[in-house]
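Results of the structural survey
Next come the chains, spelled out residue by residue.
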Amino acid sequence: MAKLESLGIKGLESVHWYVHDLERSRHFYVDGLDFAEQGVSSPELEKQGRQKSAVFQAGNVVLVVSQPVGEGGRAWRFLRKHPDGVGTLNYQVEDIEKTYRLLEQRGATFITELQRYTDERGGKLAQFSITTPFGDTTFRFIQRDGYKALYPGFVQHAQPRGGRNRYGFTHIDHITSNFQTMKPMLLWMEHVMGFEKFWEIQFHTEDVAARQKREHGSGLRSEVMWDPVSRVRFANNEPLRPFFKSSQINIFNEEYKGDGVQHLALMVKDILSSVRDMRENAGISFMPTPGTYYDALPERIQRLGIKKIDEDINALRDLQVLVDGAGEHSYLLQIFMRDAAALYKDPEAGPFFYEIIQRKGDQGFGGGNFRALFESIERQQMAEGRA
């Protein structure tokens, strides 16, 4: 297929969540992850949209979180079908009319026409939304021309409230979604969004490879699509036989009640300090990693061609941070929080989780760590009776 003209995406501006309990989310982001609350929905917007919202920010990570107020609003409709989850991804674009025109030519399904707003200082904002193959997650495209307000209908606090980003979040590195079958989404990303293939992997957990007589296991086929201009990246997963029904990807889809965003990867500057502080000061819990992973890590670092890392392996073991890479002194460090349902001890919080990542040259996705992560999630699911 010939390379398509770029949509002119500048980056991922924000992620819009729909949740059952906004106050619980406020506590998690402000008190737990040290985000600052930037503003809230106005009474007029709450009445019109039948939902109340708040905007949280740390670095360039911006999260809009909405809770239903009565019935009939977007958050209410979403949560009738799903637990808490990502309902909309908001992108900043250079030329909204060009983006609209290209998407229309490529057969995108529009939810809204172009909507235009002006703030009290004369700044302009234009936006529109489309449906996607990401279950009930929609995409919104936004162009700002001097528009300083958060979003139409939001009231910005005079001073941000709460956190100061003590953990050093910089931006969202990538978005990972799970599908029962991902081919329709991959074709849509290519032919409608104009994204390109960046990376792919498939595997089955070690226990299945070693003990084929077992009746469960987590298999994955993953493919990453990206926009080379903005470097927005989507990692996409589907279950891999032989144990489709007991695959953790399928379990996610059953618990989430459809396809959707599984996790967001948050970039930090110093993952060891960030994770240590999160564990000690915020009580954030992460997916456990078996000690055998770190026993084998020195040899694995050599086998991958990394040869040498800056961090002490005992420090990585203590914090259970993972390492992967594919070149001399080029690697990444990553760790995964437990999912929201486990963190909150509430199934309605959903199976979504956050990844914390630091890149030291490597631009991959931790393919060598996928098996360790899947084994960890599988152990948790079995311990909780979910597998």
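Residues numbered from 1 in each chain as written. Predicted model: local features only at pLDDT ≥ 70, side-chain atom pairs only at ≥ 80, totals over all residues. Heavy atoms only, no water.

Overview of the overall build of the chain
Of the regular secondary structure elements, the chain holds 13 helices and 17 strands. A fraction of 69% describes how many contacts in the chain between residues 6 or more apart in sequence connect residues 24 or more apart. For the chain, the exposed area adds up to about 16,900 Å²; of that, 48% sits on carbon and sulfur atoms. (Helix = DSSP H or I, 4+ residues; strand = E, 2+ residues; numbered from the N terminus. Contact = heavy atoms within 4.5 Å. Areas by Shrake-Rupley, 256 points an atom, 1.4 Å probe, with all protein chains shown as cover.)

Here's the deal with the environment of Lys-52
Its place among the elements puts Lys-52 in strand 3 (residues 51–58). Judged by its relative accessible area of 33%, Lys-52 is partly exposed. For the pair Lys-52 and Ser-42, spaced 10 residues apart in the sequence, the C-alpha separation amounts to 8.2 Å. Setting aside its immediate chain neighbours within four residues, Lys-52 contacts Leu-22, Ser-41, Glu-46, Val-65, Ser-66, Gln-67 and Val-69. (Buried < 20%, exposed > 50% of the residue type's maximum accessible area, 1.4 Å probe, protein only.)

A word on the confidence of the model for the chain
Per-residue pLDDT for the chain has a mean of 91; in total, 90% of the residues score no lower than 70. For residues 207–212, every residue scores under 50 in pLDDT, and the model assigns this stretch nine contacts once sequence neighbours within four places are set aside. (pLDDT = per-residue confidence, 0-100.)

Quick notes on the nonpolar core
In terms of nonpolar packing, the biggest core is built from 80 residues, with Phe-141 and Phe-169 touching the most fellow members. Residues within four places of Phe-141 in sequence aside, it is in contact with Ile-9, Tyr-91, Val-93, Ile-96, Thr-99, Leu-103, Ala-126, Gln-127, Phe-128, Ile-130 and Met-193. Ranked by size, the runner-up nonpolar core spans nine residues in total, among them Val-55, Val-62, Val-64 and Leu-150. (Core = buried A, V, L, I, M, F, W, Y, C linked by side-chain atoms within 4.5 Å.)

Some words on the side chain of Glu-13
Inspection of the secondary structure assignment puts Glu-13 in strand 1 (residues 9–18). One polar contact links Glu-13 to Arg-144, side chain to side chain, over a distance of 3.0 Å. In this structure, Glu-13 is in contact with Val-62, Asn-90, Tyr-91, Gln-92, Ile-142, Arg-144 and Tyr-151, ignoring residues within four places of it in sequence. (Polar contact = N/O pair within 3.5 Å; in protein donor to acceptor, adjacent residues only side chain to side chain.)

Notes on the packing of aromatic side chains
For the coordinates displayed, the defined rule picks out 28 aromatic pairs. Considering the side-chain rings of Phe-139 and Trp-188, the 5.7 Å spacing of their centres and the 65° angle between planes classify their relative orientation as edge-to-face. Pair noted here: Phe-139 is in strand 8 (residues 138–145) and Trp-188 is in helix 5 (residues 183–191), with a separation of 49 residues, a long-range link. Each member of the pair, Phe-139 as well as Trp-188, carries the same accessibility label: buried. Judged by centre distance (6.1 Å) and plane angle (75°), the rings of Phe-336 and Phe-353 are edge-to-face. Taken as a pair, Phe-336 in strand 16 (residues 330–336) and Phe-353 in strand 17 (residues 353–360) lie far apart in primary sequence, 17 residues in all. Residue classification places Phe-353 among the buried positions, given a relative accessible area of 5%. These aromatic residues form a ring-pair network of at least three members: Tyr-91, Tyr-100, Phe-110, Phe-128, Phe-134, Phe-139, Phe-141, Phe-179, Trp-188, Phe-195 and Phe-234. (Phe/Tyr/Trp six-rings, centres within 6.5 Å; stacked < 30°, edge-to-face > 60°.)

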